[in-house]
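The lines below spell out each chain.
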Amino acid sequence: MRFLDESSWHGAVHSDGWVKPGGGDAAVTAPATGEEIGRIGIADAEDVARAARRAAEAQRAWAARPYLERAAVLRRAGQLCEQHAAEIGDWLVREAGSIPPKAGVETETAAQECYEAAALASHAIGEVIPSAKPRLSLVRRLPVGVVGVISPFNVPLILAIRSVAPALALGNAVVLKPDSRTAVSGGVAIARIFEEAGLPGGVLHVLPGGTEAGEALVADPHVRTISFTGSTAAGRRVGELAARHLKRAHLELGGNSALIVLADADLDLAAAAGAWGSFLHQGQICMTTGRHLVHEDVLEPYLARLAGKADHLPVGDPATENVALGPIIDERQRDKIHSLVTASVAAGARLVAGGTYDRLFYRPTVLADVTPATPAYAQEVFGPVAPVLGFSDAAEAVTLARDTEYGLSLGILTENVSAALEMAERIPSGIVHINDQTVGDEVVAPFGGVGSSGTGSRFGGASANVEAFTETQWLTMQGTIQQYPF
């Protein structure tokens, strides 16, 4: 039997074993072909309540296990990610529309997330602090209990396991709600990995579902922390509901990241970086380069190079063709992309490349003569669209880069790295890459944005993960009961 053989999860959700969901089931569809490649169970509010209650019961025993046992489960999970990378990667290609190299990055990163999380199990969980009284005074970190994880379709494996793995390693139970469009690669695969790794029953629940399941997860009293990755609009609703129930919400949201190309940049390298930043995975990445800010002295040569890249990048079914771009996830997202492009052209932008589609295959698109008000420049497109705007000097570049509600990632291309660093200090951004484009992440690095890109929370790295998935407790001890005047 294959690791992700459908007979083991057809029409089911994972909790204690595989159980029939209350929300029925739905087709798993390959966006490149429209073909149904499986069916997945859809959770309703009752499924969420049952899973959260069971998770709370199982969490206490899991947290009480020796750290060596928890670390062993996480290490085994990493090995299973590597062992079954080809099969999981095949689902990422067919279900998410990933090109094979991008799928390979996901499976490799998922394994590394598990290995890094394994080290968290033995990470220092407190410190001794001074006290004005004759006593031992400690600050220690304790598991939050049950962590709710809501993950998106675009990078489904990484954006789920980056929260699931550290939360489990630190002694929490997890209820994961993956996007139902990528419920196998972003949900079933993770359930199977930890099932085979020896995670005790009830500690991890995977419940694909829609808005009803998501709202139930955020509101459930057993769930004390929410880790959400998705759009800014949805993140606002999650944050509001979490605040109403007095629980923490780590929100990693949208972006409209700028790539600044200074006059001294190598234009061949810059255009290649810009094309990668805007067109990788069809632009369906939160860190995608959404705005190209180019010095006016090199604006036209940069445009020509970028358009040349766009014109020659092959687009098609990544499961059967050697392509650079696969399909957009669905018609709704494709139509949103195209409406922003056509509205931008109607507003005066010049279409230099692309702007057309066949079914869900959208051509990489370059727009010139844009203004800060151009729709595809001002808004997050979440598609393979590169709006290019010129600037006259560094001060104007900084002003333009700052002129957004988002603050996720920033790239600056130049031979003068000192000038780039000085510019970056004036542009609010959770991530800055000097002499690189805007898409980049590592499992040991803190990840997150500011402004409408998120709450400033971070995933990645020991300190950020401990902060995200534990609570702080102050503990004192003294040898005798202190005498009081009452």
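From a predicted model like this one, the values you see are computed outputs, not experimental measurements.

Chemist: Break down the overall build of the protein for me, citing the residues and quoting the values.
Modeler: When helices and strands are tallied, the protein shows 15 helices and 23 strands. The C-alpha atoms of the protein give 24 Å as radius of gyration, which agrees with the globular expectation for 486 residues (23 Å, within 12%). Taking the principal axes of its C-alpha atoms as reference, the protein extends roughly 75 × 60 × 40 Å. When the 486 residues of the protein are sorted by exposure, 56% land in the buried category. Expressed as a percentage of contacts within the protein between residues at least 6 apart in sequence, the contacts between residues at least 24 apart total 71%. Across the protein, the 39 positively charged side chains and the 55 negatively charged ones have centroids separated by 8 Å.

Chemist: Please give an account of the packing of helix α7 (residues 211–219) against helix α8 (residues 232–244) that cites residues and values.
Modeler: Orientation of α7 relative to α8, taken along the N-to-C sense of each, is 35 degrees, at an axis distance of 9 Å. Crossing handedness for the pair α7 and α8: right-handed. When α7 is examined against α8, the residues E215, V218 and A219 are found in contact with a partner set consisting of V238, L241 and A242. Of the residues contributing to the contact of α7 with α8, the split by class is five nonpolar, no polar and one charged.

Chemist: Report on the pairing of strand β3 (residues 25–29), specifying residues and quantitative values.
Modeler: Across five bridges, β3 lies against strand β4 (residues 36–41) in antiparallel orientation. In the sheet register, A26 faces β4, and the bridge partner there is I40.

Chemist: Can you break down the sheet that holds strand β6 (residues 136–143) residue by residue, with the values?
Modeler: Here we have three strands laid out as an open sheet, ordered β5-β6-β23, and antiparallel in their pairing. Both edges of this open sheet fall to β5 (126–129) and β23 (470–477), since each of them pairs with a single strand only. Taken pair by pair, the neighbouring strands of this sheet meet at an average axis angle of 20 degrees, ignoring direction. Where β6 meets β23, eight bridges bridge the pair, whose relative direction is antiparallel. In the sheet register, P143 faces β23, and the bridge partner there is T470.

Chemist: Which residues make up the pattern of salt bridges, and what are the values?
Modeler: One pass over the full model with this rule turns up 21 salt bridges. Between R181 and D330 there is a salt bridge, and its shortest N-O distance comes to 2.8 Å. In this pair, R181 sits in the loop between β8 (173–177) and α6 (184–197) while D330 sits in the loop between α10 (299–312) and α11 (331–346), placing the two residues 149 residues apart along the sequence. Between R350 and E300 there is a salt bridge, with its nearest N and O atoms 3.7 Å apart.

Chemist: Give me the nonpolar core: which residues, what numbers.
Modeler: Grouped burial of nonpolar side chains is what soluble globular proteins tend to show. If you look at the biggest cluster of nonpolar residues, it comprises 83 residues, and the most contacted ones within it are V164, V174, I190 and F194. Apart from the residues lying within four places of it in its own chain, the contact partners of I190 are L157, A160, I161, V164, L176 and L204. Grouped together as the second largest cluster of nonpolar side chains are 28 residues, L293, L340, A401 and M423 included.

Chemist: Requested: an account of a nonpolar patch on the surface, with residues and values cited.
Modeler: There is a patch of nonpolar side chains on the surface, built from V128, L136 and M477 and spanning about 280 Å² of accessible area. Mapped onto the elements, V128 comes out in strand β5. Of the residues examined, V128 reaches a relative accessible area of 61% and is grouped as exposed.

Chemist: Run through the sheet that holds strand β17 (residues 365–368), naming residues and quoting values.
Modeler: Pairing between sheet strands relies on hydrogen bonds along the backbone, with the strands arranged either parallel or antiparallel. With mixed pairing, seven strands are arranged side by side in an open sheet as β14-β17-β18-β13-β12-β20-β21. Of all strands in the sheet, those bounded by a partner on one side alone are β14 (350–353) and β21 (431–434). For this sheet, the mean angle separating the axes of adjacent strands, direction not counted, is 25 degrees. Sheet analysis places strand β12 (residues 257–261) next to strand β20 (residues 409–413), joined by four bridges and oriented parallel. Note that in β20 the partner of A258 across the bridge is L410. On the sheet, helix α13 (residues 394–402) packs against β12, β13 (289–295) and β18 (385–391) and is oriented at approximately 145 degrees with respect to β18.

Chemist: Describe unusual backbone geometry, naming the residues involved and giving the relevant values.
Modeler: Phi is positive for R359, which is not a glycine, with a value near 55 degrees. Taking relative accessible area as the criterion, R359 reaches 52% and is therefore assigned exposed. The backbone phi angle of D369 is positive, close to 55 degrees, even though this residue is not glycine. With respect to the secondary-structure elements, D369 resides in the loop between β17 and α12 (375–378).

Chemist: Got a sec to walk through a negative patch on the surface? Specific residues and values, please.
Modeler: Together, E296, D297, D393 and E396 make up a negatively charged patch on the protein surface. Considering the arrangement of structural elements, one finds D297 in the loop between β13 and α10. Using a relative accessible area of 56% as the deciding quantity, one classes D297 as exposed.

Chemist: Requested: an account of the state of the cysteines, with residues and values cited.
Modeler: For the structure on display, the rule yields zero disulfides. C81 carries a free sulfur, and the closest cysteine sulfur to it, the one in C114, is 4.4 Å from it. With no disulfide of its own, C286 lies closest to C114 among cysteine sulfurs, the gap being 20 Å.

Chemist: Could you give me a rundown of α7, with the residues and numbers involved?
Modeler: Within α7, the full set of buried residues consists of A213, G214, A216, L217 and V218. In this structure, the buried residues of α7 make contact with α1 (45–64), β7 (146–150), β8, β10 (223–229) and α8.

Chemist: Would you mind going over the pairing of β5 in detail, with residue names and values included?
Modeler: One ladder, built from four bridges, connects β5 with β6; its direction is antiparallel. Across the sheet, the residue bridging to I129 is S137, located in β6. Linking β5 back to β6 in an antiparallel pair, the connection comprises six residues.

Chemist: Mind laying out the environment of L413, listing which residues take part and the relevant values?
Modeler: Of note, L413 is situated in strand β20. Taking the C-alpha atoms as reference points, L413 and P428, 15 residues apart in sequence, are found 17 Å from one another.

Definitions and limits used
- Residues numbered from 1 in each chain as written.
- Predicted model: local features only at pLDDT ≥ 70, side-chain atom pairs only at ≥ 80, totals over all residues.
- Heavy atoms only, no water.
- Helix = DSSP H or I, 4+ residues; strand = E, 2+ residues; numbered from the N terminus.
- Rg over C-alpha atoms; globule rule 2.2 N^0.38 Å.
- Buried < 20%, exposed > 50% of the residue type's maximum accessible area, 1.4 Å probe, protein only.
- Contact = heavy atoms within 4.5 Å.
- Lys, Arg positive; Asp, Glu negative; His and termini not counted.
- Charge placed at Lys NZ, Arg CZ, Asp CG, Glu CD.
- Axes fitted to C-alpha atoms, helices over the stretch in contact; angles between N-to-C directions.
- Left-handed = near helix turned anticlockwise from the far one by under 90°.
- Nonpolar A, V, L, I, M, F, W, Y, C, P; charged D, E, K, R; others polar.
- Pairing = 2+ DSSP bridges.
- Salt bridge = Lys/Arg side-chain N within 4 Å of Asp/Glu carboxyl O.
- Core = buried A, V, L, I, M, F, W, Y, C linked by side-chain atoms within 4.5 Å.
- Patch = residues over 30% accessible without salt bridge, like charges linked within 9 Å, V, L, I, M, F, W, Y side chains within 5 Å.
- Areas by Shrake-Rupley, 256 points an atom, 1.4 Å probe, with all protein chains shown as cover.
- Disulfide = S-S within 2.5 Å.

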